[in-house]
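Fold and geometry: a report
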2 protein chains.
Amino acid sequence: MQPCSLTIAVIALAIAGSAFAQMKPEDEIRYRQSVMNVAGRAFTPMIQMAQDKIPYNREVVAKNTQVLQTVIGLHWDAFGPGTERGAPTKADLKIWSEPDKFKTSAEKAQEAVGKLGQTVRTGDEKEVKAALGGVGKTCKGCHDDYRLKEARD
Amino acid sequence: MQPCSLTIAVIALAIAGSAFAQMKPEDEIRYRQSVMNVAGRAFTPMIQMAQDKIPYNREVVAKNTQVLQTVIGLHWDAFGPGTERGAPTKADLKIWSEPDKFKTSAEKAQEAVGKLGQTVRTGDEKEVKAALGGVGKTCKGCHDDYRLKEARD
């Protein structure tokens, strides 16, 4: 490693360290829950439309998909080491014991949301509803594996 | 009003009613807090950059501004009648006694975020930092007027 690269690495580490130092586990847990709450609020009416429980509304789908695309994944970094506990959470401890599997599961959700975004731009109602179903399936898959039924300390 | 318009209005009211029925005050309060939490997490490093506390990072600013633009305002509708109480909240009761003033204050924040988005696309670092300062000022203005220091029931 060149001295310059080393300096940059040390600075990067210092920044990362200082950022990490500011992030208390309870703040990370709260942030994860906030992101999921915002994502859920955007997704709920859309999946209700996909299930024909409420009328399809193209504008709501466009807006809420944009919200979903923006927020999904914001919180992956908030599942870092040391954030297993600190506040009541439904995050299964498996997240930290099998991080690669969790990452794969999370990425599937992110891909499904990406596909939804593409379909909303180019597809018809039927295709959008199918893409919404795909998002719902990956959400459920990740939740079944990594979200507990009850909050734990 | 034509019969058709009336029917549409009745249907719209039924949908709105059913959506409202699903929204418990505690859910609305939690949603408001979630949106503010996500917005705050996006804004914090940017205002630290504007204040030269951490190095300016163009990619972070672009990404976080997009998050801020997407989420800011999502929660204005969650300050509806009947959501004054239901869970611990720092929302000042003035929000419901002077809704027009609150709306104006909230709109100022939204405008400042819109200006930031424009500046991030076209401006230089100095201009972006000034726009970030503008966002901080409107956030603070609204918080000074409508956010209590301590949560209330």
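Residues numbered from 1 in each chain as written. Chains lettered and ligands numbered in written order. Predicted model: local features only at pLDDT ≥ 70, side-chain atom pairs only at ≥ 80, totals over all residues. Heavy atoms only, no water.

The number of helices and strands found in chain A is six helices and two strands. Scanning chain A from its N terminus toward the C terminus, one meets helices and strands in the order α-α-α-β-α-α-α-β. Across chain A, the fraction of contacts at a sequence separation of at least 24, relative to all contacts at a separation of at least 6, is 76%. As displayed, chain A offers around 9,000 Å² of accessible surface, 58% of which is attributable to carbon and sulfur atoms. (Helix = DSSP H or I, 4+ residues; strand = E, 2+ residues; numbered from the N terminus. Contact = heavy atoms within 4.5 Å. Areas by Shrake-Rupley, 256 points an atom, 1.4 Å probe, with all protein chains shown as cover.)

Residue position: D145 of chain B is located in helix α6 (residues 125–146). Taking the C-alpha atoms as reference points, D145 of chain B and L93 of chain B, 52 residues apart in sequence, are found 11 Å from one another.

This part takes up the interface of chain B and chain A. On the side of chain A, 21 residues touch chain B, which itself brings 21 residues to the contact. Interface area for chain B against chain A, summed over the two sides, is near 1,800 Å², with a carbon-plus-sulfur share of 60%. Of all residues in chain B, Y31, N37 and R41 of chain B give up the largest surface area on contact with chain A, accounting jointly for 32% of the area buried on that side. Counting every contact that joins chain B to chain A gives two salt bridges. In this structure, the connection of chain B to chain A is made through nine residue pairs in polar contact (both at pLDDT 80 or more). (Buried area = accessible area lost by both parts, 1.4 Å probe. Salt bridge = Lys/Arg side-chain N within 4 Å of Asp/Glu carboxyl O. Polar contact = N/O pair within 3.5 Å; in protein donor to acceptor, adjacent residues only side chain to side chain.)

Residue and element names in this part refer to chain B. The geometry of helix α2 (residues 25–50) relative to helix α3 (residues 58–71) is characterised by a closest axis approach of 9 Å and an angle of 150° between their N-to-C directions. As the angle between them shows, α2 and α3 are arranged roughly antiparallel. Regarding α2 and α3, the two cross each other, and that crossing is left-handed. Here V35, V38, A39, R41, A42, F43, P45, M46 and M49 of α2 come into contact with α3, specifically with V60, V61, N64, T65, V67, L68 and V71. A breakdown of the residues in the contact of α2 with α3 according to their chemical character gives 13 nonpolar, two polar and one charged. (Axes fitted to C-alpha atoms, helices over the stretch in contact; angles between N-to-C directions. Parallel < 35°, antiparallel > 145°, perpendicular 65-115°, else oblique. Left-handed = near helix turned anticlockwise from the far one by under 90°. Nonpolar A, V, L, I, M, F, W, Y, C, P; charged D, E, K, R; others polar.)

Here helix α5 (residues 99–122) of chain A is 24 residues long and its end C-alpha atoms lie 35 Å apart, about the 34 Å a rise of 1.5 Å per residue gives. Of the positions making up α5 of chain A, those classed as buried are F102, S105, A106, A109, A112, V113, L116, G117, T119 and V120 of chain A. (Expected span 1.5 Å × (residues − 1). Buried < 20%, exposed > 50% of the residue type's maximum accessible area, 1.4 Å probe, protein only.)

Moving on, we come to the packing of aromatic side chains. All names here are of chain A. This structure, assessed with the given rule, holds eight aromatic pairs over all chains. Each ring, one from F102 and one from Y146, has its centre 5.2 Å from the other, and the planes form 80°; the classification is edge-to-face. Of the two residues, F102 sits in helix α5 while Y146 sits in helix α6 (residues 125–146), which places them 44 residues apart along the sequence. For Y146, a relative accessible area of 4% corresponds to the buried category. Members of the aromatic cluster, joined through ring pairs, are W76, F79, W96, F102 and Y146. (Phe/Tyr/Trp six-rings, centres within 6.5 Å; stacked < 30°, edge-to-face > 60°.)

On the surface, R30 of chain A together with K90, R147 and K149 of chain B cluster together into a positively charged patch. Topologically, R147 of chain B is positioned in strand β2 (residues 147–152). According to the relative accessible area criterion, R147 of chain B is partly exposed, its value standing at 46%. (Patch = residues over 30% accessible without salt bridge, like charges linked within 9 Å, V, L, I, M, F, W, Y side chains within 5 Å. Lys, Arg positive; Asp, Glu negative; His and termini not counted. Charge placed at Lys NZ, Arg CZ, Asp CG, Glu CD.)

Before going further, it helps to examine the nonpolar core. In this structure, V38, L68 and L116 of chain A together with V38, L68 and L116 of chain B are the most contacted members of the largest nonpolar core, which totals 49 residues. Every element with two or more residues in this core is listed here: α2 (25–50), α3 (58–71), α5 and α6 of chain A together with α2, α3, α5 (99–122) and α6 of chain B. Non-local contacts of L116 of chain A, meaning those with residues more than four positions away in its chain, are made with M46, T65, L68, V128, A131, L132 and V135 of chain A. (Core = buried A, V, L, I, M, F, W, Y, C linked by side-chain atoms within 4.5 Å.)

Time to look at the pattern of salt bridges. Using the criterion set out here, one finds 10 salt bridges over all chains in the structure. The partner of E28 of chain A in a salt bridge is R41 of chain B, and the shortest N-O contact between them spans 2.8 Å. Of this pair, E28 of chain A sits in helix α2 while R41 of chain B is found in helix α2, placing the two residues in two different chains. Two residues, K129 of chain B and E125 of chain B, come together in a salt bridge whose shortest N-O distance is 3.0 Å.

Let's shift gears to the side chain of N37 of chain A. When you line up the elements, N37 of chain A lands in helix α2. Excluding residues that lie within four positions of it along the chain, N37 of chain A makes contacts with R30, Y31 and S34 of chain B.

A separate point is the side chain of E28 of chain B. Residue classification places E28 of chain B among the buried residues on the basis of a relative accessible area of 7%. Among all residues touching E28 of chain B, those that are not within four sequence positions of it are R41 of chain A together with M23, D77, A78 and T83 of chain B.

Our next topic: the relation of the copies chain B and chain A. For the match of chain B to chain A, the screw axis carries a shift of 0.0 Å, the RMSD comes to 0.0 Å, and the turn is 180°. What the rotation and shift describe, once combined, is the action of a two-fold rotation axis. In terms of proximity to the rotation axis, the leading residue of chain B is S34 of chain B, whose C-alpha is 2.1 Å off the axis. Same-surface contact between copies: 100% of interface residues of chain B are shared with the interface of chain A. (Least-squares fit on C-alpha atoms with pLDDT ≥ 70 in both.)

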